[in-house]
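Letter by letter, the chains look like this.
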Amino acid sequence: MTYSSSSSVSVTASVRFQSKLKETKNFGDALIEIFSDLVQLEIVTWVAHEGDTTHKAGNRLKTKINLIDGDIENELGADFLQGSPYAELRGFHEIQVEKGSETIANNLKTLVDIGQKVTGLLNGESEPEPEEDRASFSSDRIFSRV
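I will try to describe carefully the structure that is included in this document. (Residues numbered from 1 in each chain as written. Predicted model: local features only at pLDDT ≥ 70, side-chain atom pairs only at ≥ 80, totals over all residues. Heavy atoms only, no water.)

The next point concerns the pattern of salt bridges. Using the criterion set out here, one finds five salt bridges in the structure. The shortest N-O distance in the salt bridge between Asp52 and Lys56 comes to 3.4 Å. For Asp113, the salt bridge goes to Lys109, with nearest N and O atoms at 3.2 Å. Here Lys109 and Asp113 lie together in helix H3 (residues 89-122), a separation of four residues that amounts to about one turn. (Salt bridge = Lys/Arg side-chain N within 4 Å of Asp/Glu carboxyl O. Helix = DSSP H or I, 4+ residues; strand = E, 2+ residues; numbered from the N terminus.)

Moving on to the side chain of Asn59. Position of Asn59 among the secondary structure elements: in the loop between strand S2 (40-48) and strand S3 (60-66). Relative accessible area serves as the criterion here: at 6%, Asn59 is assigned to the buried category. Polar side-chain contacts of Asn59 include one of 2.9 Å to the backbone oxygen of Val47. There is a polar contact of 2.8 Å between the side chain of Asn59 and the backbone nitrogen of Lys56. Excluding anything up to four places from it in sequence, Asn59 contacts Thr45, Trp46, Val47, Asp52, Asp79 and Phe80. (Buried < 20%, exposed > 50% of the residue type's maximum accessible area, 1.4 Å probe, protein only. Polar contact = N/O pair within 3.5 Å; in protein donor to acceptor, adjacent residues only side chain to side chain. Contact = heavy atoms within 4.5 Å.)

What follows deals with the environment of Ile32. Position of Ile32 relative to the elements: it lies in helix H2 (residues 27-38). Judged by relative accessible area, Ile32 falls into the exposed class, the value being 58%. Along the primary structure Ile32 and Phe17 are separated by 15 residues, whereas in three dimensions their C-alpha atoms are 8.8 Å apart.

For the rest of this paragraph, the subject is the side chain of Asn66. By the element assignment, Asn66 lies in strand S3. Residue classification places Asn66 among the buried residues on the basis of a relative accessible area of 15%. Here the side chain of Asn66 touches Asp69 through a polar contact of 2.8 Å, landing on its backbone nitrogen. In this view, Asn66 contacts Val39, Gln40 and Asp71; residues no more than four positions away in its chain are not counted.

See the structure below:
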C-alpha cells in the first residue's frame, strides 16, 4: 500500500503561453491564457492498492480550489470515512490543502507583481533603483537603457 499526495497545476502552462504568444504576438493575452490554470489548485491524497497506477473515486481525498472565485470542491472517498482504516489521513490531506493554498496564493502575488513591472517597462515607465543597488555599483561604470 502506498500513500500519495500531490498538487497539480497544468504542466502545459508554459507551452500554452508560448503558443498563445506566437499566435497573438500579445504578451498580455498570453498571460491571461495561462492565469486560468494558475488559479486552480487540485490536491489529491490517495491509497494505492497493489496494481493501482492512478487514483480513483473511493480511494482518494480530492480538493479543488479556485483561488479567484473561492469555489472549493471536496471529494471524500469511502476509504477515508470515520472508522475506516485510512480515516487519519484526512488530517494529513487538510494540511496539504492549507500549504498548497498558501503556496499558490504567494506565487500568484509574485506573478502579479512581475506582470505589473513588465507592463510598466513596456509602457515606458521607469522604476527608481533601490538605494542599496545604486550604492553597490562603482562610479566608473556607465549604464545604458534602451
